[in-house]
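Results of the structural survey
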Amino acid sequence: MKETRTQNRFAAALLLTALALPGFAQQPTASERAALLKATMAASQEVLKQYEWIETTVVSLKGEEKSRKQERCYYGADGGVQKVEVTSTPPPEKKRGLRGKIAASKQEELTDYMKSAIALVKSYVPPSPAKIQAAKDAGKVSIDLLQPGKRARLNFRDYAKPGDNLGVEVDLVSNRPLGVKVSTYLEDAKDAVTLDVRMGQLNDGTTYPSDVALDAKAKKLTVTVKNSGYRKMN
């Protein structure tokens, strides 16, 4: 019994010594990390209101490019992103007769799906500070360590839809978002969609979604969005 008490005191002494060492401070919890991420995202979005940039959206079906559009983007007085079209792919020449009607119907269905897919991208990118807060308040945040002390992924369940997941990879030192991965769906949960986002950084440290790739495997549809050419507005 005496030996056991001695061992326990020795173990406790070792723990106290370790706790006193530099760098052994308790790491923020998933909830605390979410709060830090929310603050970082909100600050970046506020700074981006001073900028304009070019957004290039490409939609491909079965590997074949179907549309390409470039738009000049900037924040308006209402706080929302305004877009002015710069270039776009002209619509394909319409076929005549019954074959033309069938082709038009398929094209209309595809166009609706494409619009839904693009709208889906906007609901996740950039991550919303308000939705991050909502997931945090609901206790739906978890953390996966990818590289201890350097990188981790914060997971937000039911972020925009029931059963979805938004995962934000963060730099544990600066809490800067490095990338985003989303598992979600369009109308039906069987229509699975994934989003892969790479975050860029301006010279002043502001982060923004530089490259976005949506993959809708069921429809063999991909949507890529590239944001570039950031410059401060006069």
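As the structure is a computational prediction, the values presented were derived from the model and not from experiment.

As for helix H4 (residues 129-137)
Every buried residue belonging to H4 is among Pro129, Ile132 and Ala135, and all of these are buried. Considered in projection along H4, the buried side chains sweep an arc of 125 degrees and stay on one side of the axis. Away from its buried face, by an angle of more than 90 degrees, H4 presents the exposed residues Ala130 and Asp137. Residues of H4 that are buried sit in contact with helix H2 (30-47), strand S4 (141-147) and strand S5 (151-157). Within two residues after H4, Gly139 carries a phi angle of roughly 70 degrees, on the positive side.

Brief notes about the packing of aromatic side chains
Taken as a whole and assessed by the stated rule, the structure comprises five aromatic pairs. Ring geometry for Trp53 against Tyr230: centres 5.2 Å apart, planes inclined by 10 degrees, an arrangement best described as stacked. Here Trp53, found in strand S1 (residues 51-61), pairs with Tyr230, found in strand S10 (residues 221-232); they are 177 residues apart in sequence, far enough to count as distant. The class for Trp53 is buried, based on a relative accessible area of 8%. The buried category is assigned to Tyr230, whose relative accessible area is 16%. Members of the aromatic cluster, connected to one another through ring pairs, are Tyr51, Trp53, Tyr75, Tyr208 and Tyr230.

Concerning the packing of H2 against H4
At a minimum axis distance of 9 Å, the contact between H2 and H4 shows a crossing angle of 170 degrees. For the element pair H2 / H4, the angle class is roughly antiparallel. The residues of H4 that touch H2, namely those facing Ser31, Ala34, Ala35, Leu37, Lys38, Met41, Ala42 and Gln45, are Pro129, Ile132, Gln133 and Lys136. The residue inventory of the contact of H2 with H4, partitioned by class, reads seven nonpolar, three polar and two charged.

Here we look at the environment of Ser67
Topologically, Ser67 is positioned in strand S2 (residues 64-75). A sequence separation of 21 residues divides Ser67 from Ser88, and the C-alpha atoms of the two residues are 7.4 Å apart.

Focus on the nonpolar core
Among the nonpolar cores identified, the biggest contains 37 residues, and Leu37, Tyr124, Phe156, Leu166, Leu214 and Leu221 are the most heavily contacted of them. The element contributing the most residues to this core is helix H3 (residues 97-124), with six residues. Filtering out sequence-adjacent residues up to four positions away, Leu214 remains in contact with Ala117, Leu120, Val121, Val193, Thr194, Leu195, Leu221, Thr222 and Val223. Ranked by size, the runner-up nonpolar core spans eight residues in total, among them Trp53, Cys73, Leu202 and Tyr230.

Details of the sheet that holds S5
Within a beta sheet, neighbouring strands are joined by backbone hydrogen bonds and run either parallel or antiparallel to one another. The strand order across the open sheet built from 10 strands is S3-S2-S1-S10-S9-S8-S7-S6-S5-S4, with neighbouring strands paired in antiparallel fashion. Two strands bound the open sheet, and with one partner strand each, they are strand S3 (81-88) and S4. The sheet shows a mean angle of 20 degrees between the axes of neighbouring strands, direction not considered. The sheet contacts of H2 involve S1, S2, S4, S5, strand S6 (165-171), strand S7 (177-185), strand S8 (192-201) and strand S9 (207-216), and relative to S5 the element is tilted by about 90 degrees.

Comments concerning unusual backbone geometry
Cis peptide bonds are those with omega within 30 degrees of zero, and the linkage from Val125 to Pro126 qualifies with -5 degrees. Along the chain, Pro126 falls in the loop between H3 and H4. Even without being glycine, Asn175 reaches a positive phi, approximately 60 degrees. Along the chain, the position of Asn175 falls in the loop between S6 and S7.

A closer look at the pattern of salt bridges
In this structure the tally under the stated criterion is 14 salt bridges. The closest approach of N and O atoms between Arg72 and Glu52, which form a salt bridge, is 2.5 Å. Taken together, the residues Arg72 in strand S2 and Glu52 in strand S1 connect sequence positions 20 residues apart. Two residues, Lys217 and Asp215, come together in a salt bridge whose shortest N-O distance is 3.0 Å. Taking relative accessible area as the criterion, Lys217 reaches 63% and is therefore assigned exposed. Each of Glu52, Arg72 and Arg231 takes part in salt bridges that share partners, so that together they form one network.

Considering the confidence of the model for the protein
The share of residues in the protein with pLDDT of 70 or more is 80%, and the mean pLDDT across the chain is 83. Counting contacts from residues 1-25, a segment whose pLDDT is below 50, to residues more than four positions away or on other chains yields two contacts.

Cut-off values and rules
- Residues numbered from 1 in each chain as written.
- Predicted model: local features only at pLDDT ≥ 70, side-chain atom pairs only at ≥ 80, totals over all residues.
- Heavy atoms only, no water.
- Buried < 20%, exposed > 50% of the residue type's maximum accessible area, 1.4 Å probe, protein only.
- Helix = DSSP H or I, 4+ residues; strand = E, 2+ residues; numbered from the N terminus.
- Arc of directions from axis to C-beta.
- Contact = heavy atoms within 4.5 Å.
- Phe/Tyr/Trp six-rings, centres within 6.5 Å; stacked < 30°, edge-to-face > 60°.
- Axes fitted to C-alpha atoms, helices over the stretch in contact; angles between N-to-C directions.
- Parallel < 35°, antiparallel > 145°, perpendicular 65-115°, else oblique.
- Nonpolar A, V, L, I, M, F, W, Y, C, P; charged D, E, K, R; others polar.
- Core = buried A, V, L, I, M, F, W, Y, C linked by side-chain atoms within 4.5 Å.
- Pairing = 2+ DSSP bridges.
- Salt bridge = Lys/Arg side-chain N within 4 Å of Asp/Glu carboxyl O.
- pLDDT = per-residue confidence, 0-100.

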